[in-house]
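An overview of the molecular structure
For reference, the chains in residue letters:
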Amino acid sequence: MDESRVLLWVKAEPFIVGALQVPPPSKFSLHYLRKISTYVQIRATEKAYPRLYWSTWRHIACGKLQLAKDLAWLYFEIFDSLSAKAPEERLEWSEVLSNCTSEEEVEKQRNQLSVDTLQFLLFLYIQQLNKVSLRTSLIGEEWPSSKNRSQSPDLTEKSNCLNKNWNDYSHQAFVCDHLSDFLELLLDPEQLTASFHSTHSSLVSREAVVALSFLIEGTISRATKIYPLHELALWQPLHADSGFSKSSKTFSFYKLETWLRSCLTGNPFGTSACLKSGKKLAWAHQVEGTTKRAKIACNTHVAPRMHRMVVMSQVYKQTVAKSSDTLVGAHVKIHRCNESFIYLLSPLRSVTIEKCRSSIFVLGPVATTLHLHSCDNVKVIAVCHRLSISSTTECIFHILTPTRPLILSGNQTVTFAPFHTHYPMLEDHMARTGLATVPNYWDNPMVVCRENSDTSVFRLLPPCEFYVFIIPFEMEGDTTEIPGGLPSAYQKALGQREQKIQIWQKTVKEAHLTKDQRKQFQVLVENKFYEWLIHTGHRQQLDSLVPPAAGSKQAAG
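Residues numbered from 1 in each chain as written. Predicted model: local features only at pLDDT ≥ 70, side-chain atom pairs only at ≥ 80, totals over all residues. Heavy atoms only, no water.

1. Here's the deal with the overall build of the protein chain
When its secondary structure is counted, the protein chain shows 20 helices and 23 strands. Looking at the protein chain as a whole, 51% of its 557 residues qualify as buried. Long-range pairs, those at least 24 residues apart, make up 57% of the contacts in the protein chain with a sequence separation of at least 6. Total accessible area on the protein chain is roughly 26,700 Å²; 53% of this is exposed by carbon and sulfur atoms. (Helix = DSSP H or I, 4+ residues; strand = E, 2+ residues; numbered from the N terminus. Buried < 20%, exposed > 50% of the residue type's maximum accessible area, 1.4 Å probe, protein only. Contact = heavy atoms within 4.5 Å. Areas by Shrake-Rupley, 256 points an atom, 1.4 Å probe, with all protein chains shown as cover.)

2. A look at the pairing of strand E12 (residues 319-322)
The two faces of E12 match: Thr 319 and Ala 321 on one face and Val 320 and Lys 322 on the other face are all buried. As judged from the 4 bridges shared by E12 and strand E14 (residues 341-344), these two strands associate in the parallel manner. From the neighbouring strand, Val 320 faces E14, where its bridge partner is Ile 342. (Pairing = 2+ DSSP bridges.)

3. Some remarks on the sheet that holds strand E5 (residues 216-220)
Strands sit in the order E1-E5-E6 across an open sheet of 3 strands; the sheet is antiparallel. At either end of the open sheet lies a strand with only one pairing partner, and these are strand E1 (6-10) and strand E6 (227-228).

4. Concerning the side chain of Gln 127
Inspection of the secondary structure puts Gln 127 in the loop between helix H7 (117-125) and helix H8 (134-139). Classification of Gln 127 by relative accessible area gives buried; the value is 1%. Of note is the side chain of Gln 127, whose polar atom sits 3.1 Å from the backbone oxygen of Phe 123. Apart from the residues lying within four places of it in its own chain, the contact partners of Gln 127 are Gly 18, Ala 19, Leu 20, Pro 24, Phe 28 and Tyr 75. (Polar contact = N/O pair within 3.5 Å; in protein donor to acceptor, adjacent residues only side chain to side chain.)

5. Some thoughts on helix H18 (residues 488-510)
If you check H18, its first and last C-alpha atoms are 33 Å apart, about what 23 residues at 1.5 Å a residue would give, namely 33 Å. Among all positions of H18, only Tyr 490, Ala 493, Leu 494 and Arg 497 are buried. Looking at the packing, one finds that the buried side of H18 touches strand E21 (414-418). (Expected span 1.5 Å × (residues − 1).)

6. Thoughts on the state of the cysteines
Working definition of a disulfide: a covalent bond connecting the sulfur atoms of two cysteines. Counted under the stated rule, the structure contains 0 disulfides. In this model Cys 274 remains outside any disulfide bridge; the closest cysteine sulfur is found in Cys 298, 6.5 Å from its own. (Disulfide = S-S within 2.5 Å.)

7. A few points about unusual backbone geometry
Residue Tyr 49 is joined to Pro 50 through a cis peptide bond whose omega torsion reads 5°. Structurally, the position occupied by Pro 50 is in the loop between helix H2 (30-41) and strand E2 (51-53). Geometrically, the link from Val 438 to Pro 439 is a cis peptide bond, its omega value of -5° lying close to zero. Mapping Pro 439 onto the fold places it in the loop between helix H17 (426-433) and strand E22 (446-447). A positive phi angle is found at Lys 47, which is not glycine, with a value near 55°. Residue classification places Lys 47 among the partly exposed positions, given a relative accessible area of 44%.

8. Focus on the packing of H2 against helix H3 (residues 54-64)
Running from N to C, H2 and H3 point in directions that differ by 140°, and their axes come no closer than 12 Å. Between H2 and H3, the crossing angle belongs to the class labelled oblique. Note on packing geometry: the crossing formed by H2 with H3 is right-handed. On the side of H2, the interface is formed by Ile 36, Tyr 39 and Val 40, while H3 contributes His 59, Ile 60 and Lys 64. (Axes fitted to C-alpha atoms, helices over the stretch in contact; angles between N-to-C directions. Parallel < 35°, antiparallel > 145°, perpendicular 65-115°, else oblique. Left-handed = near helix turned anticlockwise from the far one by under 90°.)

9. A closer look at the sheet that holds strand E4 (residues 203-205)
Strands belonging to one sheet form pairs held by backbone hydrogen bonds; the direction of such a pair is parallel or antiparallel. Read from one edge of the open sheet, 3 strands run E4-E8-E7, paired in antiparallel fashion. The strands lining the two open edges of the sheet, one partner per strand, are E4 and strand E7 (244-245). Contacts from helix H15 (residues 253-263) reach E4 and strand E8 (250-252), with the element oriented near 75° to E8.

10. Description of the nonpolar core
The biggest cluster of nonpolar side chains holds 85 residues, and the ones touching the most others in it are Leu 8, Trp 57, Phe 120, Phe 123, Phe 182, Leu 212 and Trp 259. Per-element accounting of this core gives the leading share, 9 residues, to helix H4 (residues 69-82). For this core, the domains that each give at least three residues are domain 1 (6-131 + 164-263) and domain 2 (280-492). Apart from residues no more than four positions distant in its own chain, Phe 120 is found in contact with Leu 52, Trp 57, Tyr 75, Phe 76, Phe 79 and Val 115. Listed in part, the 67 residues of the second largest apolar core include Met 312, Leu 372, Val 380 and Ile 399. (Core = buried A, V, L, I, M, F, W, Y, C linked by side-chain atoms within 4.5 Å. Domains from an automatic or database assignment.)

11. Observations concerning the environment of Val 457
With respect to the helices, strands and loops of the structure, Val 457 is situated in the loop between E22 and strand E23 (458-460). The spatial distance from the C-alpha of Val 457 to the C-alpha of Thr 415 is 8.9 Å, given a sequence separation of 42 residues.

12. Points about helix H11 (residues 179-186)
Of all 8 residues in H11, 7 are buried, a share of seventy percent or more. Those residues of H11 that fall on the buried side of the exposure criterion are Leu 179, Asp 181, Phe 182, Leu 183, Glu 184, Leu 185 and Leu 186. Against H2, H7, helix H10 (168-177), helix H12 (206-212) and H15 lie the buried residues of H11.

13. Focus: the confidence of the model for the protein chain
With 87% of its residues at a pLDDT of 70 or more, the protein chain shows a mean pLDDT of 87. Below a pLDDT of 50 lies the segment residues 137-162, which in the model reaches 29 contacts outside its immediate sequence neighbourhood of four places, other chains included. Within the model, pLDDT remains below 50 along residues 550-557, and this stretch shows 17 contacts once partners closer than five positions in the same chain are excluded. (pLDDT = per-residue confidence, 0-100.)

14. A look at the packing of aromatic side chains
Applying the stated criterion across every chain, the model contains 22 aromatic pairs. Considering the side-chain rings of Trp 9 and Phe 269, the 6.0 Å spacing of their centres and the 80° angle between planes classify their relative orientation as edge-to-face. With Trp 9 in strand E1 and Phe 269 in the loop between H15 and helix H16 (271-277), this pair connects stretches of sequence that are 260 residues apart. A relative accessible area of 3% places Trp 9 in the buried class. Residue Phe 269 is classed as buried on the basis of its relative accessible area of 13%. Sitting over the ring of Trp 73, Arg 110 keeps its end group 3.9 Å from the ring centre. When the ring centre of Tyr 467 is taken as origin, the NZ or CZ atom of Arg 497, which lies over that ring, is 3.8 Å away. (Phe/Tyr/Trp six-rings, centres within 6.5 Å; stacked < 30°, edge-to-face > 60°. Lys NZ or Arg CZ within 6 Å of the ring centre and 35° of its normal.)

15. Details of the environment of Leu 348
Assignment of secondary structure puts Leu 348 in the loop between E14 and strand E15 (350-354). Classification of Leu 348 as buried rests on a relative accessible area of 1%. The spacing of Leu 348 and Arg 432 is 84 residues in sequence and 9.8 Å in space, taken between C-alpha atoms. Filtering out sequence-adjacent residues up to four positions away, Leu 348 remains in contact with Leu 327, Gly 329, Ala 330, Val 332, Leu 363, Gly 364, Pro 365, Val 366, Ala 367 and Thr 433.

Pasting the structure below:
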């Protein structure tokens with residue numbers, strides 16, 4: 001293989017975290033985005049280009065695209081959460097928001113926020129990933145494309161079990177199929193025809209290729225370092241291939257597109273590579289009498305920190321508890337886990353829980369998105385930047401989040417409740433992911449799905465049904481209570497319950513039972529407690545805390 005052969009691939013994170021799992025607004029079509037691109041580029045002095053300010057985007061989204069303000073902010077904020085910011089910067093922003101006493105003050109602070117204009121346009125366009133097409137819904141798969149595309153022989157098998165946000169073949173196919181559109185979207189207005197199209201002589205600016213690095217990165221064969229696309233495209237030995245002209249400091253549209261297509265290959269750090277050649281983790285054991293085998297794989301032994309991935313599948317009737325460097329900063333996918341108790345107590349990048357049922361998930365702080373899809377009777381306990389849910393039934397979410405939880409399509413009987421647990425390293429992990437205790441919007445979800453804007457799809461947990469959750473593992477650390485405390489109504493309910501226990505204990509003490517009566521009474525109470533454990537399913541939870549060859553310190557492994 002030639003020393004200087006370039007390998008490019010489509011990055012996973014913009015799709016895993018950035019593509020909202022709901023059909024995009026119709027006005028995010030290429031036709032409208034081209035108009036926006038021209039509009040902002042000719043208004044460079046009006047907070048539109050090269051940085052797009054919230055006030056300008058609000059004007060475009062609400063005034064020209066007819067989006068609701070909440071939806072306009074949602075897309076702006078999701079993109080902003082993808083940008084590389086230090087945790088301290090995110091904590092400062094949380095503090096600023098928590099000090100606002102009115103909606104006007106919040107808006108004033110938002111007006112100071114800006115994002116990279118061209119990258120934001122690309123971000124809006126990749127929302128088409130989850131567009132529902134009549135053709136696809138009729139035949140089940142995309143029609144074959146004549147365009148050259150690198151595919152794995154087991155693509156069909158993989159695409160059936162992974163949604164598009166996690167399917168790197170879908171990412172690659174999407175970028176290959178729409179590469180001309182991406183480039184046209186980034187062209188300077190004078191490089192376009194009156195109908196917003198490129199010509200054979202169109203020139204692509206250096207800034208446009210820098211923006212495309214939001215989606216594409218790569219390496220030079222035999223090298224280990226990963227480079228953003230623009231660094232490779234601007235590398236002197238590749239000028240002839242990438243079409244870069246030193247004199248005009250621009251790229252030939254035709255040459256650049258041809259070079260990109262010839263270099264694009266599968267993502268070496270994507271889900272497929274993780275499943276195919278990732279390191280298998282022995283975090284779960286085989287349960288007797290079951291044919292399903294738990295599979296847990298990761299790429300953390302080969303992937304750079306921003307590309308880490310852990311995929312967990314088919315964990316059945318057991319407890320998995322980990323606080324491990326393998327998980328730190330990883331994108332985690334949990335798939336088809338049933339009747340299990342999963343504790344992942346490390347700072348995580350993103351988490352997707354899909355097709356799971358009758359399980360409890362206790363997660364370390366999630367720096368970006370926690371998404372649930374097609375889950376039934378699941379409880380999730382987490383601090384996360386954002387929660388989004390689709391096609392869930394009878395699920396409970398105990399969360400602490402600085403953004404409004406997103407209720408997408410197909411949900412039934414959703415319950416939101418305050419975050420109600422802690423573990424010794426929790427506050428340290430929150431600081432590392434830039435998550436604070438305020439603001440906390442756990443009780444103010446946003447119904448995004450078009451099918452039904454009826455708020456009756458969810459409820460807030462009544463305080464009388466509220467109990468705190470104890471994480472039963474020993475760990476080092478300083479956190480000794482629930483970060484931020486509990487809302488007063490829930491704290492009051494706990495106090496009243498504690499008072500009842502004290503009254504009960506006092507009643508028993510004052511009954512002056514004999515030794516035999518005390519023994520008899522203890523047996524009765526224990527039997528009732530045992531019946532309650534079985535009836536509620538807590539018996540299995542307690543039993544599964546004693547794995548075959550480990551004690552209560554397994555979380556530290």
